[in-house]
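Structural overview for review
Listed below, chain by chain, are the residues.
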Amino acid sequence: MRVVALVSGGKDSCYNMMQCVSEGHELVALANLKPKDKDELDSYMYQTVGHHAIDLYAEAIGLPLFRRTIEGAPVEQGKNYTPNQQDEVEDLYKLLLQVQTECGIEAVSVGAVLSDYQRVRVENVCARLGLTSLAYLWRRGQAELLNEMIQCKVEAIIIKVAALGLEPDIHLGKTLSEIHPHMLEMKSKYGLNVCGEGGEYETFTLDCPLFNKRIVIDEQETILHSPDAFAPVGYINFKKMHLEDKDMDVSTSYSDRLGPLPMTRSSHVLRELFTDQELLDLPTEDLNMTMKEPYHCLQEGLDTVTVQCNTTGHIGIAGILATRDDHIISVEDSTKAAMDKLKDILAEHHMTTSDLVIVHLYVQNMADFARINSVYVKYFGTNPPCRVCVQADLADNVLLQLDCYGHRSEENPLPRNTMHVQGHSHWAPANIGPYSQAIKLGDALYVSGQIPLIPATMKLIEGGIVPQCRLALRHVERILEAMHPGANLLSIQQAVCYVTDGQYISHVKKEWAQALERLGGQEVGQPHLLLPVVEYMIIPSLPRGSLVEWQVQAHSVTEGRTEKRHKISSGGYTVCLEYRHLDEEDSRGFLHSSVELCNPSVMMSNAQVSEVVDVWAKCYCTAVTEWPNLGVSMPNLYIFFRIDIFTVDSLFKAFQNALKASLPNGDIPAVALIPSRGFASATRILSIFV
């Protein structure tokens, strides 16, 4: 893509430019925002110290420079950004609009490392202009990143200090390599950010491999901005500088200059995930098997929509279908009808789509995915809910199925935090649709379905099921950590691993076990540690042709979990229930149950279906009565069923009848029925999450 680099003169914006070139993008221009009549502006968005030398910086690299004076102020200071003509962000919008008009840019290089405030605003501007944000430093480990910059010949000096442990008369003017050991010591001693992400220091780049000439400082002055006894603030004001020729062939392409440098690259992902020996041991057989002929669930013309909204503001909505008939024939019209139905149901309970936390979207044909998305996106704003999307064996006339969970309560509000990263990075995939990566509601963490896209390129990793599974799990863990410091795979309560062929299950189970071993060390397998409940599901297809997708729900509190189990056998069926909750009185628990049948092979009759469901319902009713807090659990019942054993209509009717009989108080959860081609257990015919 044709890229403009937002530059401040600092190390981060410079190194992200190098990353853009390394990933195959074309740098066509630089852009900078400068303060009005000041050496430095106290801005939440922009580094302005050192702005006097930006013209020389552009000359050194040999690219056109677009500059604009900052007229606005940080008016909109919330977590999200709404365009405000008085805000300094609008100066960035006008600047990038000019560059887009004159240079035809497609993307913007952004040096953000950890600031959500900055990231959200740049992504907002990019979205409005139809540009892609390229933020390859995003959430990189700071000690590793600073060392990488040094090794990749980014020659920058400290031009501002503003933190305990940094002295203007000692540290101003030091190079990155000189300040590196001191910052590591200050991190250990005071918890400072090694890369200066907390505003501890600012830098200015004098040379890097992209520069045709290096910048030389002839004269400078030190300004003591705040003579604080513990954390004095001071900066360098450049008075005179010049450019100096470098001993290099300036006709050498940017990419060739970076070739031998030890940069993090998307092409190195396999080496990041596997040891050399593991790479040699990867399965070599062709696991991309041709799928069986598709099943098609039988379904009568019954209304499958069920809703449960409890007194604490939790709402479950299940079974909204987009159907195709003589009156509605297009994918777009069918999707709109389903989304309007969802919107109407929410309105009946005084909610909107902004109150949704997670949407499960099942499509009959993944080829319709883009057309469905084009309608779906219109129903959500800045921070849409999480989403899990897979292809399922829906009825012939059903294009998609929506099952949702949301929350809104004036009396019992829960804090909500959303992660909606849209820029390309080396961290985790940007959203490929209108959804957020994760939402934290209270102590619960909901993560969108993760497929193995290489974050920097948004392409599937090569090598088959094992690399795909390992990369997808890395995405899950990085998102959990970003949402709650210290969260990891052991924070997961329940997970569903979707695979497109039964032969993949042994590989993904092994990868899951190894991931826990790498993470937990000696703790994994200890009696006090409750490992996540994982179900493995075989489905027809996944987004982007992925072989695996991980759907997880986690909790930020892992201590004090209690587990209860119940198992009964009747008429050849075995029902197992596993319930987990925190010891806290108001904590919501979660339940997983399964139904096993010896040698399942033929479609059940309606009477047999009712018999199976009645046995399960008796167990469930006992659990609701005897186990604490299950009654205030999620108001959804997610029922994954074998499509060669059950039909949708018989199973739906059986669950409705059994739940009404077993739960006379009327607290019947919304029933979501999801067809599966099989589970890890050959005898399992139902897998149910509450």
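Residues numbered from 1 in each chain as written. Predicted model: local features only at pLDDT ≥ 70, side-chain atom pairs only at ≥ 80, totals over all residues. Heavy atoms only, no water.

1. Considering the overall build of the protein
Definition in use: Working definition: helices are DSSP H or I runs of at least four residues, strands are E runs of at least two. Numbering for both runs from the N terminus. Both definitions apply: the radius of gyration is a C-alpha atom measure, and the globule rule equals 2.2 Å times residues to the power 0.38. Relative accessibility decides the category of a residue: with a 1.4 Å probe and only protein chains considered, values under 20% of the type maximum give buried, values over 50% give exposed, and everything between is partly exposed. Residue contacts are counted whenever heavy atoms from the two residues lie within 4.5 Å of one another. For the accessible areas, the method is Shrake-Rupley and the probe is 1.4 Å, while residue cover comes only from the protein chains on display. Only four residue types enter the charge count, namely Lys and Arg as positive and Asp and Glu as negative; His and the chain termini do not. We put the charge of a Lys on NZ, of an Arg on CZ, of an Asp on CG and of a Glu on CD.
What the protein contains, in helices and strands, is 16 helices and 29 strands. What you see for the protein is a C-alpha radius of gyration of 28 Å, in line with the 26 Å of a compact globule of 690 residues. With the C-alpha coordinates of the protein rotated into their principal frame, the extents come out at 90 × 55 × 55 Å. Evaluated residue by residue, the protein yields a buried proportion of 58% over its 690 residues. Nonlocal contacts in the protein, meaning residues at least 24 apart in sequence, comprise 76% of its contacts between residues at least 6 apart. With an accessible surface of roughly 28,100 Å², the protein has 48% of that area assigned to carbon and sulfur atoms. Side-chain charges in the protein split into 58 positive and 86 negative, and the spacing between the mean points of these groups amounts to 1 Å.

2. Let's talk about the sheet that holds strand β11 (residues 314-323)
Stated precisely, the cut-off is as follows: Whether two strands pair comes down to DSSP finding at least two bridges between them. Convention adopted: a line fitted to C-alpha atoms gives each axis, helices being fitted over their contacting stretch, and angles between N-to-C directions are expressed from 0 to 180 degrees.
With respect to topology, five strands assemble into an open sheet ordered β10-β11-β14-β12-β13, the strand pairing being mixed. Taken across any chain shown, the strands that pair with only one partner, and hence form the sheet edges, are β10 (306-309) and β13 (386-391). Going from strand to strand, the sheet's axes swing by 15° on average, the running direction of each strand aside. Looking at chain direction, strand β12 (residues 356-363) and strand β14 (residues 398-407) are connected through seven bridges and run antiparallel. Of the residues in β14, the one forming a bridge with Y362 is Q401.

3. Quick notes on the packing of aromatic side chains
We apply this condition: The rule is short: rings of Phe, Tyr and Trp, with Trp giving its six-membered ring, pair when the centres are within 6.5 Å, and they are stacked under 30 degrees, edge-to-face over 60, tilted in between. Any Lys NZ or Arg CZ that is within 6 Å of a ring centre and within 35 degrees of that ring's normal is treated as a charge sitting over the ring.
Applying the stated criterion across every chain, the model contains 10 aromatic pairs. Look at F204 and F238: their rings are 5.3 Å apart centre to centre, the planes differ by 65°, and that puts the pair in the edge-to-face class. Of the two residues, F204 is situated in strand β7 (residues 201-207) and F238 in strand β9 (residues 233-245); the sequence distance between them amounts to 34 residues. Neither residue differs from the other here; F204 and F238 are each classed as buried. Through a chain of ring-to-ring contacts, three or more aromatic side chains come together here, namely Y57, F204, F211 and F238. Directly above the aromatic system of Y117 lies the positively charged group of R121, at a separation of 3.6 Å from the ring centroid.

4. Remarks on unusual backbone geometry
For M458, which is not glycine, the phi dihedral falls at a positive 60°. Following the sequence through the fold, M458 ends up in the loop between β18 (453-454) and β19 (459-460). What makes M458 buried here is its relative accessible area of 9%. You will see that R544, though not glycine, has its phi angle at about 65°, which is positive. By the element assignment, R544 lies in the loop between β21 (533-538) and β22 (548-555).

5. Some details on the pattern of salt bridges
Here is the rule we go by: When a carboxyl oxygen of Asp or Glu lies within 4 Å of a side-chain nitrogen of Lys or Arg, that pair is called a salt bridge.
One pass over the structure, following the stated rule, counts 26 salt bridges. A single network of salt bridges, built from pairs that share partners, joins D207, R214, E244 and K246.

6. Some remarks on the sheet that holds strand β28 (residues 678-679)
Spatial ordering of the open sheet is given by β15-β16-β17-β22-β20-β21-β28, a layout of seven strands whose pairing is mixed. Edge positions in the sheet fall to β15 (416-419) and β28, since each has one partner strand and no second. Where strand β20 (residues 492-499) meets β21, six bridges bridge the pair, whose relative direction is parallel. Counted as the bridge partner of Y498 is M537 from β21. The sheet strands contacting helix α13 (residues 465-483) are β15, β16 (438-441), β17 (444-450), β20 and β22, and the helix crosses β22 at an angle near 25°.

7. Quick word on the pairing of β17
Within β17, seven of the seven residues are buried, which leaves it mostly tucked inside the rest of the structure. Where β16 lies against β17, four bridges are found, and the strand directions are antiparallel. Paired with L441 across the strands is A444, a residue of β17. Where β16 folds back onto β17 in an antiparallel hairpin, the turn is made up of two residues, including G442, whose phi is positive at roughly 65°.

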